[in-house]
Structure formats: structure tokens, C-alpha cells
Amino acid sequence: MFQKRQLRIIYLVILIIMIVLIYKSFTQHKPNDDDVEQTSGGDAMVKPSAPVYVVVYYEALCPDSKNFVLHQLLPAYERAPELMDIEFVPFGKASWTTNSDGSLEFECQHGPIECEANTIHACVVEAVREPRTRLDMVACMIKNNIMPRDIFYRCAKDHGVEIESIKKCYDSPHGAELLKVHGEATHALRPAVTFIPTVTLDGAQYVQKSILKDLFGNVCQVVSGRGPKPDVCK
């Protein structure tokens, strides 16, 4: 009789333990995509913010565009490439007309050479999609675009960029069509462009004078507005 009672107690204890385990399995928190991730060392790691979408509306022979690309954009990207997703719109204060045969004719602020250089830039921007290489190409060419084709060849060789497909682009109607697309994008800006370069951060123009003088600081402000300030901005 005593043994039967012991067995009953044991079975009861086992049953209680099983009920507790089942209850925990249903109530235990399961991590999801919004949770804080853990590093291999066990420290909390907050997911990084999305990069700021930086769009540069510029001209190939514009001194202010050259100054911005070389002294603001390039250094800011080198400092924190993870904070920026850069796109280039080479057109500026140019205009175009469509001829009776359907061909496009452009007038650029700094003359025909700039139209040619802008077209080459448009073809490079389309063809070179690796972010750092694209930025390096634009920076390299804008240093001295007086002879656009020569500088393109030189920069392409220096940065390992395939030449022939880009050459076919700017020597064909496709290059002109690309330039027109950039023109339409430039004309669509609101507020309208009054100064070149114009730079938007996530689609907003903010205070242009501040962006042109301190791109990195303005990018950090945009990122910090989304959440914790990145260490590189501190």
C-alpha cells in the first residue's frame, strides 16, 4: 500500500514538472526582426540605420561642383561610406531642344565642351554601379574636364573601368537620351534649382549653404534624427 502511495506521488510530481515545462515553452519570448541582435561576444548590437540618399545635381565644368565633389563629397564618403548612398545627376543649368529628326541638341552653361563632358558623366554614372568606383570616376574626371574624352580614358584606366561600352554610350543617341533624363530630373526639383551644385538628402534640400560647406555634418544630423547618433558622428 505504501509503495502504491509513493508511486502516485512520483507520478504527480512528474506530471507537475511536465505541465510547468509545457507552460514555459508557450510563454517564452521568441525574438523577431525588431529585437536587438547579439554579437558573437554576447554584447547588444543595434541594427545600423539606412544610409542617407545623397543626390548631387551638378555640371562637369562648374568650379563649385568641382569644389563640392573633391572637398566635401569625397572626404565625407571616405570618412563614413556606410552613412551615404550617392547618386549623380550631371546636367545643371543646361537646356535642350528636340530637332525635327528626333535628335537632341543641348546648350550648357559653360559651352559645348561641358555638354560633351556632362554626356560622358551620364554614361559613366549609368555604367559604373559600384559606389566607390563611381565616386572615384566622377571625382577624377571633374578635376579637369576641359578635354572630356581624354580625361575619361585616363580615369577609366586608373580605376579599372571598362571603356568600350561607355564610349559607345556617349557616341550614340543613348548618351543624349541619358542627359535628357538627368535634365528632366533637375527641372523637376522643388524648390527649383537656382545654384549648382544642388544637393538633396533623402529628397530634401534643407539649407543648401550648410550642406555645401559641411556635407558630413548635415548627413550626421539626418541620421541622428532617426535614432542614436552613430559613433563616427560623435
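Structure shown above.
These lines cover the structure that appears in this document, whether it is placed above or below. (Residues numbered from 1 in each chain as written. Predicted model: local features only at pLDDT ≥ 70, side-chain atom pairs only at ≥ 80, totals over all residues. Heavy atoms only, no water.)

### Topic: the pairing of strand β3 (residues 52–58)
By the criterion of burial, β3 is predominantly enclosed, with 6 of the 7 residues buried. Note: β3 against strand β4 (residues 84–90), 7 bridges, orientation parallel. Pairing of Y53 across the sheet is with D85, part of β4. Strand direction decides the pairing type here: β3 and strand β7 (residues 198–201), joined by 4 bridges, are antiparallel. (Buried < 20%, exposed > 50% of the residue type's maximum accessible area, 1.4 Å probe, protein only. Helix = DSSP H or I, 4+ residues; strand = E, 2+ residues; numbered from the N terminus. Pairing = 2+ DSSP bridges.)

### Focus on the side chain of H121
Residue placement: H121 occurs in helix α3 (residues 112–127). Sequence-distant contacts of H121, defined by excluding residues within four places in its chain, comprise Y58, A60, P90, V138, M141, I142 and N145. (Contact = heavy atoms within 4.5 Å.)

### Quick word on the layout of surface pockets
Within this model, the second largest pocket holds a volume of roughly 250 Å³. Taken together, 15 residues line the second largest pocket, and the ones lying closest to its centre are T119, Y170, S172, G175 and A176. For the lining of the second largest pocket, the elements supplying multiple residues, two or more each, are β6 (104–107), α3 and α7 (173–187). Partitioning the lining of the second largest pocket into residue classes produces 7 nonpolar, 5 polar and 3 charged. (1 Å grid on protein atoms, 1.4 Å probe; cavity = no way out; pocket = protein on both sides within 12 Å on 5 of 7 lines; lining within 4 Å. Points joined across faces, edges and corners; volume = space filled by probe spheres on them. Nonpolar A, V, L, I, M, F, W, Y, C, P; charged D, E, K, R; others polar.)

### Side note on the packing of aromatic side chains
By the definition in use, this model includes 5 aromatic pairs. A ring pair is formed by F91 and F106, whose centres lie 6.5 Å apart and whose planes are at 75 degrees; its orientation type is edge-to-face. One end of the pair, F91, is in the loop between β4 and β5 (95–98); the other, F106, is in strand β6, with 15 residues separating them in the sequence. Plain terms: the ring middles of F152 and Y153 are 5.7 Å apart, the flat faces sit at 45 degrees to each other, and that makes the pair tilted. (Phe/Tyr/Trp six-rings, centres within 6.5 Å; stacked < 30°, edge-to-face > 60°.)

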